[in-house]
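In case you want the letters, here they are:
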Amino acid sequence: MQTLRNRKTRSLSMNEREEIAEIASTKPNIDLDIQFDYNSADISKTSLPAARELGKALSNPDLKGSTFVVAGHTDAIGGEEYNQGLSERRAETIKRYLTEKYGIAGTDLVTVGYGKSKPKDPNAPLDPINRRVQVVNMASKTASN
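In this report, the structure presented in the accompanying data block is examined. All of these numbers come straight from a predicted model, not from anything done at the bench.

Rules and cut-offs
Per-chain numbering applies: the sequence of each chain, read as written, is numbered from 1 onward. Confidence filtering applies because this is a predicted model: local features only for residues at pLDDT of at least 70, side-chain atom pairs given and counted only at 80 or more, and all residues used for totals across whole chains, interfaces and linings. Excluded from the side-chain calculation are hydrogens and water; included are all heavy atoms of the structure. Strands here are runs of E lasting at least two residues and helices are runs of H or I lasting at least four, both read from the DSSP assignment and numbered beginning at the N terminus. Only protein chains enter the accessibility calculation, which uses a 1.4 Å probe; a residue is then buried when its area is under 20% of its type maximum, exposed when over 50%, and partly exposed in between. A contact between two residues is defined here by any heavy atoms of the two lying within 4.5 Å. The Shrake-Rupley method, run with a 1.4 Å probe sphere, supplies the accessible areas, and residue values consider only the shown protein chains as cover. To form a nonpolar core, buried Ala, Val, Leu, Ile, Met, Phe, Trp, Tyr and Cys residues must be joined to one another through side-chain atoms within 4.5 Å. Angular values range over 0 to 180 degrees, each being the angle between N-to-C directions of two axes fitted as lines to C-alpha atoms, with helices fitted over their stretch in contact. Between 65 and 115 degrees an angle is taken as roughly perpendicular, under 35 as roughly parallel, over 145 as roughly antiparallel, and anywhere else as oblique. Put simply, a crossing is left-handed when the front helix is turned counterclockwise from the back one by less than a right angle, and right-handed when it is turned clockwise. Throughout this entry, Asp, Glu, Lys and Arg are counted as charged residues, while Ala, Val, Leu, Ile, Met, Phe, Trp, Tyr, Cys and Pro are counted as nonpolar. The remaining residues, Gly among them, count as polar. A patch consists of residues whose relative accessible area exceeds 30% and which take part in no salt bridge; residues with like charges are grouped when within 9 Å of each other, and nonpolar side chains (Val, Leu, Ile, Met, Phe, Trp, Tyr) when within 5 Å. We define a salt bridge as a contact between a side-chain nitrogen of Lys or Arg and a carboxyl oxygen of Asp or Glu at a distance within 4 Å.

## Some words on the overall build of the protein
So, point 1. Secondary structure summary: the protein contains 3 helices and 4 strands in total.
So, point 2. Here the protein holds 145 residues, and 44% of them are scored as buried.
So, point 3. Looking at the protein alone, contacts between residues at least 24 apart form 77% of all its contacts between residues at least 6 apart.
So, point 4. Element-wise, carbon and sulfur atoms account for 50% of the exposed surface of the protein, whose accessible area totals about 7600 Å².

Take a look at the structure:
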């Protein structure tokens, strides 16, 4: 994970994205209800409260220096390449929001996009619920440690 800090989302190879997903699957995660409108990387108005709660949570001094993966996802509408780029832009939007509004160090946030490859609801790949950002604490420390 240390080698991925401060890397641009688009510089991650498919193997690196899969490695992150594998490691992340064993860590505590927050699959927040930060939704995006169709074809948009802007946080929807209805999701701003969830984004604020995330910012407050990650601002906890006990988490300073922890590494968090911010993973962007899309629904299955559209092509692979387009959805990959859109998911990366969504992850970058959340990273930018957290650094600008809450002062969280950008180096603590590793962004990755999964396009339409990891839907929240695999039985409904076109459902808007799949347009989301997931945040995973990659460190072993939590705010309650």
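## Topic: the nonpolar core
Nonpolar side chains tend toward joint burial in soluble globular proteins.
So, point 1. Counting 18 residues, the largest nonpolar core has I34, I43, L54, L58, I94, L98 and L109 as the members making the most contacts within it.
So, point 2. Secondary structure elements with two or more residues in this core: α2 (48-58), β2 (68-72), α3 (80-102) and β4 (133-137).
So, point 3. When neighbours within four sequence positions are excluded, L98 is seen to be in contact with L54, G55, L58, G103, I104 and L109.

## As for the packing of α2 against α3
So, point 1. Contact geometry for α2 and α3: axes closest at 10 Å, N-to-C directions at 60 degrees. Relative to α3, α2 is oriented oblique. Note on packing geometry: the crossing formed by α2 with α3 is right-handed. Along its contact with α2, which presents L48, A51, R52, L54, G55, K56 and L58, the element α3 presents I94, Y97, L98 and Y102.
So, point 2. The residue inventory of the contact of α2 with α3, partitioned by class, reads 8 nonpolar, 1 polar and 2 charged.

## Some remarks on a nonpolar patch on the surface
So, point 1. Together, Y38, I77 and L126 line one region of the surface with nonpolar side chains, adding up to about 300 Å² of accessible area.
So, point 2. Residue placement: L126 occurs in the loop between β3 (109-113) and β4.
So, point 3. L126 gets classed as exposed once you look at its relative accessible area, which sits at 51%.

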